[in-house]
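# Overview (structure and organization)
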Amino acid sequence: MKKALNTVISLDGAWTLTPDPELRGVEERWGERVPPFPAKSLAVSVPSVWERFLPGFHSSAWYQAEFEVPKKFGPRAVLKIGAAHYRAAGWLNGRHIGVHEGGYTPFEWDATAAIQPGVRNMLVILVTHPAASGTLVTDPEMGRLPLSKETWYYPNAGIWGHVEL
């Protein structure tokens, strides 16, 4: 019987963040292409809230990180994110790997089909953030959101939980 490899790779640290208030990246399918995106990006750290870098920003932004995995990696690859406020959609090497809605709960996406062992991998995560009023500024399909504390508690945005593969 083959023993499974239990390699954990932390993706915490340096990422880039590209604000996208008009959701141009959705229309242009930025998740399926290799960055840099055709917009100004900022160097940020993950985990953290994007208010550290974009005070007062309520909209959507694209996170990107590159990482390498060993040649002997697997048999499964699971991306685990401690939390991202509020809606997150992810692509690994241009392949869509999942969506999560909810700003306070950890989640994971199966990245097995998209991972490329032994070479650089590109992870892209679009985070869409609601306004403090509970309605989204740029994405009408989200409408009213089930945010429990946001009438008195400011909803920080971004990938604010640890990220690991």
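Let me sum up the structure you'll find in this document. (Residues numbered from 1 in each chain as written. Predicted model: local features only at pLDDT ≥ 70, side-chain atom pairs only at ≥ 80, totals over all residues. Heavy atoms only, no water.)

Right, let's talk about the nonpolar core for a bit. If you look at the biggest cluster of nonpolar residues, it comprises 34 residues, and the most contacted ones within it are Trp-15, Tyr-63, Ile-125, Ile-159 and Leu-165. At the level of secondary structure, the elements contributing two or more residues to this core comprise strand 1 (13-19), strand 2 (42-46), strand 3 (60-68), strand 4 (78-81), strand 6 (87-92), strand 8 (107-110) and strand 9 (120-128). Broken down by element, the residue count for this core peaks at 4 residues, all from strand 3. Beyond its immediate sequence surroundings of up to four residues, Trp-15 is in contact with Leu-42, Ala-43, Val-44, Val-46, Tyr-63, Gln-64, Ala-65, Leu-123, Ile-125, Ile-159 and Val-163. Residues Ala-89, Trp-91, Met-122 and Val-124 belong to the second largest nonpolar core, which totals 8 residues. (Core = buried A, V, L, I, M, F, W, Y, C linked by side-chain atoms within 4.5 Å. Buried < 20%, exposed > 50% of the residue type's maximum accessible area, 1.4 Å probe, protein only. Helix = DSSP H or I, 4+ residues; strand = E, 2+ residues; numbered from the N terminus. Contact = heavy atoms within 4.5 Å.)

Right, let's get into the environment of Val-8. Positionally, Val-8 belongs in the segment before strand 1. Linking Val-8 and Glu-164, residues 156 residues apart in sequence, is a C-alpha distance of 6.7 Å. Val-8 has contacts with Glu-164 and Leu-165, leaving out every residue within four places of it along the chain.

Take the pairing of strand 7 (residues 95-101) next. Across 6 bridges, strand 6 lies against strand 7 in antiparallel orientation. If you follow Ala-89 over to strand 7, its bridge partner there is Val-99. Hairpin geometry of strand 6 and strand 7 is characterised by an intervening segment of 2 residues between the two adjacent antiparallel strands and by a positive phi of about 55° at Asn-93. (Pairing = 2+ DSSP bridges.)

Such coordinate-based values are descriptive only and should not be taken to indicate function.
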